[in-house]
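# Tertiary structure, described
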Amino acid sequence: MSETQKREIVCSGIRPTGNLHLGNYFGALRNFVKMQDEKECYFFIADYHSLTTHPTPDNLYGNARQILVQYLACGLDPDKATLYLQSDLPETIELYLFFNMNAYLGELERVTSFKDKVRQNPNNVNAGLLTYPTLMAADILIHKATKVPVGKDQEQHLEMTRTFAQRFNNMYHSEVFPLPQAFNFGSELVKIPGLDGSGKMGKSEGEGNAIFLNEEDGSIRKKIMRAKTDSGPTEMNQQKPVEIENLFTLMKVVSTPDTVEYFNDLYNRCQIRYGDMKKQLAEDMIKFVTPFRQRINELASNEEYLRRVMNQGKEKAHESARKTIDEVRHVIGYRN
């Protein structure tokens, strides 16, 4: 493949702090699976990042392995995309060190997520938390990624990645790093609401707020039946309140269009029974989740295959990272 035909480089990571849920799948993983056929993708498990808020994890390797299994179960292919552990790539930490030498205390302290974490947990204001943006920049730029799929909460970090890249290029009169842009999925990006009636589906909002990809049937039924509703519409075609709109959004991603239309019509005619809608949603949700759960269980028992995937990802990531670090050391003035 010639230089002009080179595929766009994409990089993204996820912290191993719990099981993946429908929000992760529709918000990111489904698109990652499409991207691996069109772009050069590096998808890593951010086990170093997890230590900023979980400094003494019960089973760091087990947590990372669990995310890898679920990545694979969603359709990521280790022969198409590079899947690796952040801790398997020492070059990332070397680049993190170089970026820290040129990152300023004031700009790091102004980061919104840092200020939020300080407010939430004032007894754990560690240097890793402060320098999260420089490690994120190293994760992305170690592969010279040009596109990064990020949510709203990460946009400031990506802007800082661009700042660190440009600052390095200027300081060393080089063009080592590209300035990565946010990857925009456009209409393909689906925001999955939580079951508590407000906000998006997420792990931090509590177990009952999310449907996980390895969730058992009984648990799914209980969660859906407990989802927040109201007393029902009082006028024909009235606007749905947030918690009801959320149920319809969930139904749109797992049920047939006919099913959605059926319950929407009942709502508009003030004849909907939320219990019936929830029972239908629960069964459709189970039908959607079951293949993921089965695949997760199959993969989790195949230790030999998982080790092979990890070693393959480590080698591919190392090959890319080594080239970048050699170039970085050269322009700084170290002897390679």
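Before reading further, recall that the structure is shown in the block above.
Residues numbered from 1 in each chain as written. Predicted model: local features only at pLDDT ≥ 70, side-chain atom pairs only at ≥ 80, totals over all residues. Heavy atoms only, no water.

Bringing the environment of Asp37 into the picture now. Note on placement: Asp37 falls in the loop between α1 (22-35) and β2 (40-45). As for Asp37 and Ala81, which are separated by 44 residues in sequence, their C-alpha atoms are 8.3 Å apart. When neighbours within four sequence positions are excluded, Asp37 is seen to be in contact with Arg7 and Lys80. (Helix = DSSP H or I, 4+ residues; strand = E, 2+ residues; numbered from the N terminus. Contact = heavy atoms within 4.5 Å.)

What follows concerns the packing of helix α3 (residues 60-73) against helix α13 (residues 274-300). Packing of α3 against α13 brings their axes to within 9 Å, and their N-to-C directions diverge by 130°. Classed by the angle they form, the pair α3 and α13 counts as oblique. Handedness of the crossing formed by α3 with α13: right-handed. Here Arg65, Val69, Gln70, Leu72 and Ala73 of α3 come into contact with α13, specifically with Phe292, Arg295, Ile296, Leu299 and Ala300. (Axes fitted to C-alpha atoms, helices over the stretch in contact; angles between N-to-C directions. Parallel < 35°, antiparallel > 145°, perpendicular 65-115°, else oblique. Left-handed = near helix turned anticlockwise from the far one by under 90°.)

Mapped onto the secondary structure, Lys287 falls in helix α13. Overall, the relative accessible area of 68% leaves Lys287 in the exposed class. Here the alpha-carbon distance between Lys287 and Val254, two residues 33 residues apart in the chain, equals 8.2 Å. (Buried < 20%, exposed > 50% of the residue type's maximum accessible area, 1.4 Å probe, protein only.)

One non-glycine residue, His173, adopts positive backbone phi at about 50°. Positionally, His173 belongs in the loop between α9 (155-171) and β5 (181-182). Residue Asn237 is not a glycine yet carries a positive backbone phi of 55°. By secondary structure assignment, the location of Asn237 is in the loop between α10 (217-226) and α11 (242-254).

The next subject is the pairing of β2. Put simply, side chains in a regular strand alternate between the two faces of the sheet. Across the 6 residues of β2, 5 count as buried, placing the element largely inside the fold. As paired strands, strand β1 (residues 9-14) and β2 are joined by 6 bridges and run parallel to one another. Each residue of the ladder has a partner; that of Ile9, found in β2, is Glu40. The parallel pair β1 and β2 is bridged by α1, and the resulting crossover is right-handed. Bridging between β2 and strand β3 (residues 82-85) involves 4 bridges; their strand directions are parallel. Within β3, the position partnered with Phe44 by the bridge is Tyr84. (Pairing = 2+ DSSP bridges. Right-handed = clockwise from strand over helix to strand, strands pointing away.)

Before going further, it helps to examine a nonpolar patch on the surface. Together, Tyr48, Leu51 and Ile93 line one region of the surface with nonpolar side chains, adding up to about 200 Å² of accessible area. Tracing the sequence through the fold places Tyr48 in helix α2 (residues 47-50). (Patch = residues over 30% accessible without salt bridge, like charges linked within 9 Å, V, L, I, M, F, W, Y side chains within 5 Å. Areas by Shrake-Rupley, 256 points an atom, 1.4 Å probe, with all protein chains shown as cover. Salt bridge = Lys/Arg side-chain N within 4 Å of Asp/Glu carboxyl O.)

The next subject is the side chain of Thr134. Mapped onto the fold, Thr134 is located in helix α8 (residues 132-141). Here the side chain of Thr134 touches Asn100 through a polar contact of 2.7 Å, side chain to side chain. A distance of 2.7 Å separates a polar side-chain atom of Thr134 from the backbone oxygen of Thr131. In contact with Thr134, not counting residues within four places along its chain, are Tyr96, Phe99, Asn100, Ala103, Leu108 and Phe164. (Polar contact = N/O pair within 3.5 Å; in protein donor to acceptor, adjacent residues only side chain to side chain.)

Formed by 59 residues in total, the largest nonpolar core has its most connected members in Leu22, Tyr71, Ile211 and Met285. For this core, the element with the highest residue contribution is α13, accounting for 10 residues. If sequence neighbours within four positions are ignored, Tyr71 has contacts with Gly13, Ile14, Leu20, Leu29, Phe43, Phe44, Ile45 and Leu76. Membership of the second largest hydrophobic core comes to 38 residues, among which are Leu95, Phe99, Ala138 and Leu141. (Core = buried A, V, L, I, M, F, W, Y, C linked by side-chain atoms within 4.5 Å.)

Across all of its chains, the model carries 15 aromatic pairs by this definition. Ring geometry for Phe99 against Phe164: centres 6.3 Å apart, planes inclined by 20°, an arrangement best described as stacked. Highlighted residues: Phe99 in helix α4 (residues 90-101) and Phe164 in helix α9, separated in sequence by 65 residues. Assigned by exposure class, Phe99 and Phe164 land together as buried. Where Phe168 meets Phe177, the ring centres are 5.2 Å apart and the plane angle is 65°; that geometry is what we call edge-to-face. Residues Phe168 and Phe177 agree in their burial class; the two are buried. Taken together, the ring pairs connect Phe99, Phe164, Phe168, Tyr172 and Phe177 into an aromatic cluster. Here the basic side chain of Lys240 rests over the ring of Phe248, its NZ or CZ set 4.7 Å away from the ring centre. In this structure, Arg329 is placed above the aromatic ring of Tyr334, and the distance from its NZ or CZ to the ring centre is 4.9 Å. (Phe/Tyr/Trp six-rings, centres within 6.5 Å; stacked < 30°, edge-to-face > 60°. Lys NZ or Arg CZ within 6 Å of the ring centre and 35° of its normal.)

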